[in-house]
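Letter by letter, the chains look like this.
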Amino acid sequence: MIFTSDAIVLKRTALANNDILLTLFTLRTGKMMAVAQGARHPKNRLASASNPFVYGKFFLLTGSGMSKINGVDIEKSFYSIRENIVKLAYGAWFLELTDLVIVEGEQNIDLFMELKLCLSRLADMDVNTSTKDVEVLKMAYEWTLLSKIGLAPLISNCTICSEDIVTSRYFSCESGGMICEACSNQIEQENSIRKQKKQSEIKVYKMGDTIPKILEFLLTKSVDEILNQSFHETYVKKLDTLAYEYLKYHLGVKQFKSRAFLKDLGKGV
Ligand SMILES: [Zn+2]
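Computed from a predicted structure; not experimentally measured.

**Student:** Whenever I open this one, the pairing of strand E3 (residues 30-36) confuses me. Can you help?
**Tutor:** Side chains on a regular strand alternate between the two faces of the sheet. E3 sits mainly inside the fold: five of its seven residues count as buried. Hairpin connection between strand E2 (residues 20-26) and E3: a loop of three residues separates the two successive antiparallel strands. Pairing geometry for E3 and strand E5 (residues 67-76), over two bridges, is parallel. The partner of Ala34 across the bridge, within E5, is Ser67.

**Student:** What exactly am I supposed to notice about the packing of helix H3 (residues 109-124) against helix H4 (residues 132-148) here?
**Tutor:** Helices that pack against each other are described as a pair by the angle of their axes relative to one another and the distance between those axes. Two elements in contact, H3 and H4, have axes whose closest approach is 10 Å; the angle formed by their N-to-C orientations is 175°. It follows from the interaxial angle that H3 and H4 lie roughly antiparallel. Taking contact as the criterion, the partners of Asp110, Leu111, Glu114, Cys118, Arg121 and Leu122 in H3 are, on H4, Val134, Leu137, Tyr141, Thr144, Leu145 and Lys148. Across the contact of H3 with H4, the residue classes break down as seven nonpolar, one polar and four charged.

**Student:** Hey, could you run me through the packing of helix H2 (residues 85-101) against helix H9 (residues 257-264) in this one?
**Tutor:** Following both chains from N to C, one finds H2 and H9 inclined at 160°, their axes separated by 8 Å at the closest point. When the interaxial angle is binned, H2 and H9 end up roughly antiparallel. The handedness of the crossing between H2 and H9 comes out as left-handed. Of the residues in H9, those in contact with Ala89, Tyr90, Ala92, Trp93 and Glu96 of H2 are Lys257, Ser258, Arg259, Phe261 and Leu262. Split into classes, the residues belonging to the contact of H2 with H9 amount to six nonpolar, one polar and three charged.

**Student:** When you look at the pairing of strand E4 (residues 55-61) in this model, what are you seeing that I'm missing?
**Tutor:** As defined by bridge partners, strand E1 (residues 2-14) adjoins E4 across seven bridges and the pair is classed as antiparallel. Bridge pairing links Asp6 to Lys57 in E4. Bridging between E4 and E5 involves seven bridges; their strand directions are antiparallel. What sits directly across from Phe58, in E5, is Val72. A loop of five residues connects E4 with E5, the two strands running antiparallel in sequence, and Gly63 in this loop sits at a positive phi of about 155°.

Criteria and thresholds
Residues numbered from 1 in each chain as written. Predicted model: local features only at pLDDT ≥ 70, side-chain atom pairs only at ≥ 80, totals over all residues. Buried ≥ 20, exposed ≤ 12 C-beta atoms within 10 Å, placed from the backbone. Helix = DSSP H or I, 4+ residues; strand = E, 2+ residues; numbered from the N terminus. Pairing = 2+ DSSP bridges. Axes fitted to C-alpha atoms, helices over the stretch in contact; angles between N-to-C directions. Parallel < 35°, antiparallel > 145°, perpendicular 65-115°, else oblique. Contact = placed C-beta atoms within 7 Å. Nonpolar A, V, L, I, M, F, W, Y, C, P; charged D, E, K, R; others polar. Left-handed = near helix turned anticlockwise from the far one by under 90°.

Quick look at the structure:
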């Protein structure tokens, strides 16, 4: 059976016989794995399409066994991301994160469109003089992704007692969002007991007034709208760190491969 869909290549894994296993984010059915036969040979007709970031129309042969790539109409190769090490590091983070959250057979058009937009913006960015814009893009994609997969933190009410949060704001990754002052104090008390028992403590972040407002904006607006705003560098850094901790906890990942790559380049936590 021929299956056709727009797709973005998230990952390539070398197989025997010059074959490549591609992890695709398809517009029609979410994650799909497919083999590009002989694509490690540079003259193979699927070679140029078998790279991370490639976006295009993919024609797959499906049925019993592993799906095979029959052909690809490349729309954008995003070569400029692959040829610049800084862009590659940021792009790899977007792809790794996406690969972790999308599911086979589950369509997520919103996330697909946002990833496509992020890659276009990243490809066009000048990252050699300043990484300020790309840091905003990173923060935007992290929170947008959480929102598009239904994992956005709760910010209007306390995640523990459901009280409206008016003044003092605290945030906890473990509880899934904001907590009020009373619940925060409670956690601090419990933390001292956890400490005595040598258990891991629950980290509580004090938020101030501005960060929750920005967070609400990030969770409800599109990446395009976010990129049209300007943010103070301090807030971008804080919200990126928070997203990173939140993602680690909720995706159950201790260390992301591409974040280590970014860290090696001196970017991010
Ligand atoms: Zn509370």
